[in-house]
Each structure stands twice: as C-alpha cells, then as structure tokens.
Amino acid sequence: MTHPPILYSFRRCPYAMRARMALWVAEINVILREVKLSDKPPALIEISPKATVPVLISPDGPVLEESIEIMRWALGRNDPEGWLAGDDAELIERNDGPFKHHLDRYKYPTRYEDEADHGEVDHRAAGLAILSDLDARLASQKYLCGDSRTLADMALFPFIRQFANTDREWFDAQDIPHLQQWLEGHLTSDIFKSVMPKFTPWQAGDERIAFGP
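Residues numbered from 1 in each chain as written. Predicted model: local features only at pLDDT ≥ 70, side-chain atom pairs only at ≥ 80, totals over all residues. Heavy atoms only, no water.

Asks: Would you mind going over the pairing of strand S2 (residues 31-34) with me for this structure?
Replies: Regular strands place side chains that alternate from one sheet face to the opposite one. Side chains Ile31 and Arg33 project from S2 onto one buried face, and the interleaved Leu32 and Glu34 project onto a second face that is buried too. In the sheet, strand S1 (residues 6-9) pairs with S2 via 4 bridges, with the strands oriented parallel. If you follow Leu7 over to S2, its bridge partner there is Leu32. Taking the sense of rotation as the criterion, the β-α-β connection linking S1, helix H1 (residues 14-25) and S2 turns out right-handed. (Buried < 20%, exposed > 50% of the residue type's maximum accessible area, 1.4 Å probe, protein only. Helix = DSSP H or I, 4+ residues; strand = E, 2+ residues; numbered from the N terminus. Pairing = 2+ DSSP bridges. Right-handed = clockwise from strand over helix to strand, strands pointing away.)

Asks: Please clarify how the packing of H1 against helix H3 (residues 67-77) should be interpreted in this entry.
Replies: Between two packed helices, what matters for the description is the angle formed by their axes and the separation of those axes. In contact at an axis separation of 8 Å, H1 and H3 are set at 0° when each is read in the N-to-C sense. Regarding the angle of H1 to H3, the classification is roughly parallel. Contact with H1, carried on its side by Tyr15, Arg18, Ala19, Ala22, Leu23 and Val25, involves Ser67, Ile68, Ile70, Met71, Trp73, Ala74 and Leu75 of H3 and no other residues of that element. Among the residues making up the contact of H1 with H3, the classes are represented as 11 nonpolar, 1 polar and 1 charged. (Axes fitted to C-alpha atoms, helices over the stretch in contact; angles between N-to-C directions. Parallel < 35°, antiparallel > 145°, perpendicular 65-115°, else oblique. Contact = heavy atoms within 4.5 Å. Nonpolar A, V, L, I, M, F, W, Y, C, P; charged D, E, K, R; others polar.)

Asks: Can you help me understand the pairing of S1 in this one?
Replies: Of the two faces of S1, both are covered, the one formed by Ile6 and Tyr8 as well as the one formed by Leu7 and Ser9. Sheet analysis places S1 next to strand S3 (residues 55-57), joined by 3 bridges and oriented antiparallel. Its bridge partner lying in S3, Tyr8 is registered against Val55.

Asks: Would you explain the environment of Leu151 in this entry?
Replies: Relative to the helices and strands, Leu151 resides in helix H6 (residues 151-166). By relative accessible area, Leu151 is classed as buried at 0%. Remark: the alpha-carbon pair of Leu151 and Ala19, spanning 132 residues in sequence, is separated by 10 Å. Apart from the residues lying within four places of it in its own chain, the contact partners of Leu151 are Ile68, Met71, Arg72, Leu75, Trp83, Leu84, Gly86, Asp87 and Ile92.

Next up, the structure:
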C-alpha cells in the first residue's frame, strides 16, 4: 500500500488553507502534521530549510513547498469540480504579490515600521482598491472565473478572509457587495468547514491519517 502524502500545515495560515481545500476536493487523504509556528519540528526544517507551511511530501514526487504547487499537484490527480479551468495566473499573482503586500502591512503595521513607505501608503485603501476590482468582476458572474468555483476562488479566498477579519465592521461597510456575498458563500461552505477543525500540534511518531474526505 502506498504511503499517504504528508502535509505540514498550520490551521490559520491562508497558504495552508488553500492547499488543504485543494487536497480535500481532490479526495486525497494525507497525514496532517499541524505545526506550532513558535516551535517548528526539526523534521520540517530538515525537509524544507525555509520551514514555512504548507509543505507536502508526496510518495511519488518531489517535496512541494509552495501552496499553489500543492493545489495544482492535487488537482492534477483528481479535479472533480474542474478547478483547473480557473487557474488564472494573473489573478493569483496579483493576490500573492501586491494584495498580500498591502494585507501584511495593514494587518501587522508594527512589523514594517522601518520601511521607506511607512506613513506614506494607506495599505488598507490599496488593498480595498484591488478588492473593488474583484467586486466589479463578480457583478456579472457568481465566481471569479465564471459560474462555478475554481482554483482562482480558492486561492484568493483565504487572504480576502484575512483582510476582512482585520476590521470586520469596516469591511462590511464598504461598497463591495458582490465580493462580500462571494466571501460569505465561501465562509459557510462545506469545504471550508471541513478543512478547519482544530488539530493538536504534531509529535514525532504520530502517523495517523488525520485529514481527508
């Protein structure tokens, strides 16, 4: 019997969330190793020196250290909802680049006090401008790439969730109704609920299949 893939993950990490959702929809069971970020296990550092999550160790391929790579790997094996049809590189790159840049500086402003643009860029407003473009896109369709959820939706959703939760009262008051409805649909979806149970931090020797449909 082939050994299941091993996934190093952290429940609240948006990168790990989107990897878990792709593995779930692809119906790929994994041994989940929940990481405590303040006490990363030596096994993770050994297999991936940068020691960020998610990391997937597959039995038939290389170690995957990027969440988008994990999503595409999983969907390349089984894509029952056709998520790969919405593998929109431009949307994903804008999310993972400019939007994530503004999100981090909005959510964690004290971490970036020494940056040259500190005090000059309103990162919340810059992030909202990107979300307003997505809202306009959603005005004529239910999801980012059409009438069904795809990889683009699931890749962006965890980060937009994080942006919204930074100040939910403010976010809900913004004039982005289509995006707000889109976000709520993902928050209440079965797939999101299924990948968000709490797991105790992994300890060496625990090899149970702790995640999967």
